[in-house]
Amino acid sequence: MMQQIDRGIFYEDAYPGVTLGAVILPQGTVLIDAPLRTEDARAWLNLLYQQGSKNNRVLVNLDAHPDRSLGARSMECTIIAHQKTAQVFRGRPSIFKGQNAEGGSEWETYDEMMGTRWALPDITFTQRIAIHWGEPETIIDHHPGAAPGSVWVAVPASKVVFVGDVVLPNQPLFLTNADIPAWIETLDVLLDTCRDYAIVSGRGGIVPVDVVKNQQKHLKHILKGLERLAKRSAPVDAVEDLIPGLLNDFTFPADLNETFLHRYRHGLAQYYARHYRPSELVTD
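This is a predicted model, so every value here is computed, not measured. (Residues numbered from 1 in each chain as written. Predicted model: local features only at pLDDT ≥ 70, side-chain atom pairs only at ≥ 80, totals over all residues. Heavy atoms only, no water.)

How do you make sense of helix α3 (residues 83–90) when you look at a structure like this?
An α-helical segment advances 3.6 residues per turn. Residues three or four places apart therefore align on the same side. Within α3, the full set of buried residues consists of T85, A86 and F89. Buried residues of α3, seen end-on, are gathered within an arc of 100° and therefore sit on one face of the element. As for α3, its buried residues are in contact with α2 (66–69), β6 (78–82) and β7 (123–125). (Buried < 20%, exposed > 50% of the residue type's maximum accessible area, 1.4 Å probe, protein only. Helix = DSSP H or I, 4+ residues; strand = E, 2+ residues; numbered from the N terminus. Arc of directions from axis to C-beta. Contact = heavy atoms within 4.5 Å.)

What exactly am I supposed to notice about helix α4 (residues 180–193) here?
Here α4 is 14 residues long and its end C-alpha atoms lie 20 Å apart, about the 20 Å a rise of 1.5 Å per residue gives. I180, W183, I184, T186, L187, L190 and L191 are the residues of α4 that are buried. Projected down its long axis, α4 carries its buried residues within an arc of 160°, all on one side. Pointing more than 90 degrees away from the buried face of α4 are the exposed residues E185 and D192. Of the surrounding elements, those touching the buried residues of α4 are β10 (151–155), β11 (160–164), β12 (198–201), α5 (209–231) and α7 (257–276). (Expected span 1.5 Å × (residues − 1).)

Would you explain the packing of α4 against α5 in this entry?
The packing of two helices is summarised by the inter-axis angle and the distance between the axes. It is the contact of α4 with α5, at a shortest axis distance of 10 Å, that shows an interaxial angle of 160°. It follows from the interaxial angle that α4 and α5 lie roughly antiparallel. In this structure, the crossing between α4 and α5 has a hand that is left-handed. Residues I180, P181, W183, I184, L187, D188, L190 and L191 of α4 form the contact with α5, whose own contacting residues are V209, V212, K213, Q215, Q216, L219, K220, I222, L223 and L226. Looking at side-chain class alone, the contact of α4 with α5 contains 13 nonpolar, two polar and three charged residues. (Axes fitted to C-alpha atoms, helices over the stretch in contact; angles between N-to-C directions. Parallel < 35°, antiparallel > 145°, perpendicular 65-115°, else oblique. Left-handed = near helix turned anticlockwise from the far one by under 90°. Nonpolar A, V, L, I, M, F, W, Y, C, P; charged D, E, K, R; others polar.)

Hey, could you run me through the pairing of strand β9 (residues 138–142) in this one?
In regular strands, side chains alternate between the two faces of the sheet. Extensive coverage of β9 is indicated by the burial of five of its five residues. Side chains of β9 alternate between two faces, with T138, I140 and H142 and I139 and D141 buried alike. Taken together, the four bridges between strand β8 (residues 128–131) and β9 define a ladder with antiparallel strand orientation. Residue I129 lies in a different strand from β9, and its bridge partner there is I140. Between the end of β8 and the start of β9, which pair antiparallel, lie six residues, with G134 showing a positive phi angle near 90°. Strand direction decides the pairing type here: β9 and β10, joined by four bridges, are antiparallel. (Pairing = 2+ DSSP bridges.)

So far we have only geometry, and geometry alone does not tell us how the molecule works.
Structure (structure tokens):
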């Protein structure tokens, strides 16, 4: 259900897809990610109207993952994304066809998402955008690692930051397009600059600093495992041996085991091939 973090700042984690955010400002609303389904987009906007949101709004894609970007067209507003996120969209077919349907993503459980037309970003940037629609100032910053075009939306005056898939509480990470060393550095920045902020994960709402620290340890665990495989020139399918130990770092319901297994099977194989065995890379 929708939660208020501070005056005019909300998140919503009840819809399929990702945790949504909104910053309602005097002259407009900054929406953070989109629900997967059209009916959920309408419901989310109606909730925000009840809180004083107006029709003047922009949508920020925190990265290019389908779970947060497939439903962007239903939000019916200007879309802002990092330049590298826009490049990903330009490389996709205009109609979503559901490639890699065993990657452990939320959209895979909703057949109606097939055939959705992507909404391309209207505004792109390389490092930072500041939105001045009345106080407080809202800042969109580039922080690569989880994806090349990953960004945060921060409201410094309220000490709130939306970080997307940079931090995922108690679940496997999306590794297909990641840069793990850059991701570890990004978490250092988060711990250094936002330790006293409300840190809103893209899949789970507000997370404590301990979750950020534990995820950093988990990423280092992944990197060491991949480097061990690379040193012995192991084939791509050898990443399967890493998965049980990695999943032991989390506690989750048994019915998610298959989804999370697929997430790491796909993500680890893609990451290992891309960074250590490019000749075996199977592109999306």
